Amino acid sequence: MARVTSPKELTNRQKAAILLISLGPEISAQIFKHLREEEIEQLTLEIANIRKVEYEQKDEVLHEFHQLYIAQEYIEQGGIAYAKEILEKALGQQKALEVINRLTAALQVRPFDFARKADPTQILNFIQNEHSQTIALVLSYLEPSQAATILSSLPQERQADVARRVALMDSTSPEVINEVERILEQKLSSTVTQDYTHAGGIESIVQILNGVDRSTERTILDALEIQDPELAEEIKKRMFVFEDIVTLDDRSIQRVIRDVENKDLQLALKVASEEVKEVVFKNMSKRMADTFKEEMEFMGPVRLRDVEEAQTRIVATIRRLEEAGEIIIARGGGDEIIV
C-alpha cells in the first residue's frame, strides 16, 4: 500500500492545489481571477498531478489556511507584533511563530507597497538625490511603468548607472531594505523572517526600459555597451523594439496593424528600415499599402520625437497583445520553438 504524503512534507504549491481542490471549481475560479498567469499555470499543473486528496491532507491544509487567514486579519488590525501576541495566547509561542513565518513567506510580503500606490513624481522627489544604488533598489520594487517614468526623469549621466545596478541586483538584506524605507518615511510592515528579499535583475530592468521613451532607452543602452557590453547584449536580447516587428509571424503583424492607429503606424514607418516597411506592407491589402505610402509622402518632414512616441505606442500594443496571448514574440535570439 502506497504511503500517504504527510501535509508537513507538501510544498506550498501542493498545499495551494489541495486547497483549491477542496474549495471546489466555482470558488477556485474566482481565486484564479486574482492570480498572475504564471501562477495559474503552475497551480493548474499541480492540480492535474494530484490524483487523490486524502482526508488527513485536506483537513490539515484547510486548518493551516484558516490559521494563516486569522493571522492576516490580526496583522491588518494591529501589525505583525499584535498578531504574534494574540496568536501566542491562542496557540503558544512556538506555534504562533510558525504561523507568522509561514504567512510572511507564503504571501511574499514585499517592501515599498506604499510607493507602488504613489505617483512616480512624488517618489522621484524622495529619491532623486540619493545614491544610485538606493534608487536602483527602490525602482526594483516599483511597478515597471512607475520605474520607467522615474528612470526617464533622472539626469542622463545617471540613467545608465542606475539601470546597470538594477540589472545586476540579486538580493538585498532586510536591514538595508528597512533602512531605505525609513529614509523614505514609509510606514510598512517588515518581514519577521531574515530571508533575503530578491528584486532587480535583468528581467526587472528590461520591463523598466520597455516603458521609457526611445531616447532614454537608447542613451542607457549605448552607455551600457561601453560599461558592460555583455550585460547590454543580454538586455537587448530580451527587449522588443519597433524594428523587431520583422520577427513576428504574418498573422501577428496583421493583428498589430488592426490594433494600432494608422497615424501612429505611418509615423513609425517614416524612418523605419526598408526591411520593416516591406514586412508591414506585405501584410496589408494592396489598396491599404498604396494609401499608406501616399499619406506618408504627403506627411512631409516629421519630428523625430513624434516618430519615437508613435513607435513606443505601437510597441506597447504589441506587448499588450502578447500578454493577452493574442500573439507570440520569440525571445532570446529566436531559440524558442513554436508549435
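Please read these numbers as outputs of a predicted model, since none were measured by experiment. Position numbers for residues count from 1 along each chain, tracking the sequence in the order it is written. Selection of residues for local features in this predicted model requires a pLDDT of at least 70, selection of side-chain atom pairs for listing and counting requires 80 or more, and totals for whole chains, interfaces and linings are taken over all residues. Excluding hydrogens and water, the side-chain figures rest on all heavy atoms present in the structure.

Looking at the packing of helix H15 (residues 250–259) against helix H19 (residues 304–323)
Move 1: Axis definition: a line fitted to C-alpha atoms, limited for helices to the stretch in contact. Angles are taken between N-to-C directions and run from 0 to 180 degrees. For the purposes of this entry, the term helix denotes a DSSP run of H or I that reaches at least four residues, the term strand denotes a run of E that reaches at least two, and both are numbered from the N terminus. Running from N to C, H15 and H19 point in directions that differ by 120°, and their axes come no closer than 10 Å. As judged from the angle between their axes, H15 and H19 are oblique. For H15 against H19, the interelement crossing comes out right-handed. Two secondary-structure elements touch here, H15 through Arg255, Val256 and Asp259 and H19 through Ile314, Thr317, Ile318, Arg320 and Leu321.
Move 2: Under this grouping Gly is polar, as are all residues other than the nonpolar Ala, Val, Leu, Ile, Met, Phe, Trp, Tyr, Cys and Pro and the charged Asp, Glu, Lys and Arg. Class assignment for the residues of the contact of H15 with H19 results in 4 nonpolar, 1 polar and 3 charged. Orientation labels follow simple angle bins: below 35 degrees gives roughly parallel, above 145 gives roughly antiparallel, 65 to 115 gives roughly perpendicular, and whatever is left gives oblique. Two helices crossing with the near one rotated counterclockwise from the far one by less than a right angle form a left-handed crossing, whereas a clockwise rotation gives a right-handed crossing. Note on contacts: a residue pair is in contact if any heavy atoms of the two residues lie within 4.5 Å.

Considering the environment of glutamate 203
Move 1: Tracing the sequence through the fold places glutamate 203 in helix H12 (residues 202–209).
Move 2: For the pair formed by glutamate 203 and valine 166, sequence separation is 37 residues and the distance between their alpha carbons is 9.4 Å.

Focus: the nonpolar core
For soluble globular proteins, nonpolar side chains are generally found buried alongside one another.
Move 1: Core analysis: the biggest nonpolar cluster contains 37 residues, and Leu139, Leu151, Val162, Ile205, Ile208, Leu209 and Ile235 have the highest contact counts within it.
Move 2: When contributions to this core are tallied by element, the ones reaching two or more residues are helix H7 (120–127), helix H8 (132–141), helix H9 (144–153), helix H10 (156–168), helix H11 (174–183), H12, helix H13 (214–227) and helix H14 (229–238).
Move 3: If you tally residues by element for this core, the top one is H8, at 6 residues.
Move 4: If we ignore the near neighbours within four places in the chain, the residues touching leucine 209 are Leu151, Glu217, Ile220, Leu221, Ile235 and Met239. For the purposes of this section, nonpolar cores are sets of buried Ala, Val, Leu, Ile, Met, Phe, Trp, Tyr and Cys residues that join through side-chain atoms within 4.5 Å. Per-residue accessibility, obtained with a 1.4 Å probe over protein chains only, is compared with the maximum for each type, and a residue is labelled buried under 20%, exposed over 50%, and partly exposed between these values.

What about the environment of leucine 20?
Move 1: You can see leucine 20 is positioned in helix H1 (residues 12–23).
Move 2: C-alpha separation for the pair leucine 20 and threonine 44, spaced 24 residues apart in sequence, amounts to 9.9 Å.
Move 3: Apart from residues no more than four positions distant in its own chain, leucine 20 is found in contact with Ser28, Ile31, Phe32, Leu43 and Ile47.

With respect to the side chain of threonine 317
Move 1: Within the secondary structure, threonine 317 is located in helix H19.
Move 2: Not counting residues within four places of it along the chain, the set of residues in contact with threonine 317 comprises Asp259 and Val260.

Observations concerning the confidence of the model for the protein chain
Move 1: Chain-level statistics for the protein chain give a pLDDT mean of 76 and a share of 77% at 70 or above.
Move 2: Confidence of the prediction at every residue is given by pLDDT, a number between 0 and 100. Confidence, expressed as mean pLDDT per element, reaches its minimum in the protein chain at strand S2 (residues 197–198) with 50 and its maximum at H15 with 93.
Move 3: Counted against residues more than four places away or in other chains, residues 186–196, with its pLDDT under 50, gives 26 contacts.
Move 4: Note that pLDDT drops below 50 for residues 331–339; the model gives that stretch 9 contacts with residues more than four away or on any other chain.

A word on the pattern of salt bridges
Move 1: Salt bridge, as applied in this entry: a Lys or Arg side-chain nitrogen positioned within 4 Å of an Asp or Glu carboxyl oxygen. For the structure on display, the rule yields 10 salt bridges.
Move 2: Two residues, aspartate 161 and arginine 165, come together in a salt bridge whose shortest N-O distance is 3.2 Å. With aspartate 161 and arginine 165 both in helix H10, this residue pair falls 4 residues apart, about one helical turn.
Move 3: Given a relative accessible area of 22%, aspartate 161 falls into the partly exposed group.
Move 4: Here arginine 313 makes a salt bridge to aspartate 264, at a shortest N to O gap of 2.8 Å. With arginine 313 in helix H19 and aspartate 264 in helix H16 (residues 262–270), this pair connects stretches of sequence that are 49 residues apart.
Move 5: Judged by its relative accessible area of 40%, arginine 313 is partly exposed.
Move 6: With relative accessibility at 11%, the residue aspartate 264 sits in the buried group.
Move 7: In this structure, a network of salt bridges that share partners links the residues Arg255, Asp259, Arg320 and Glu326.

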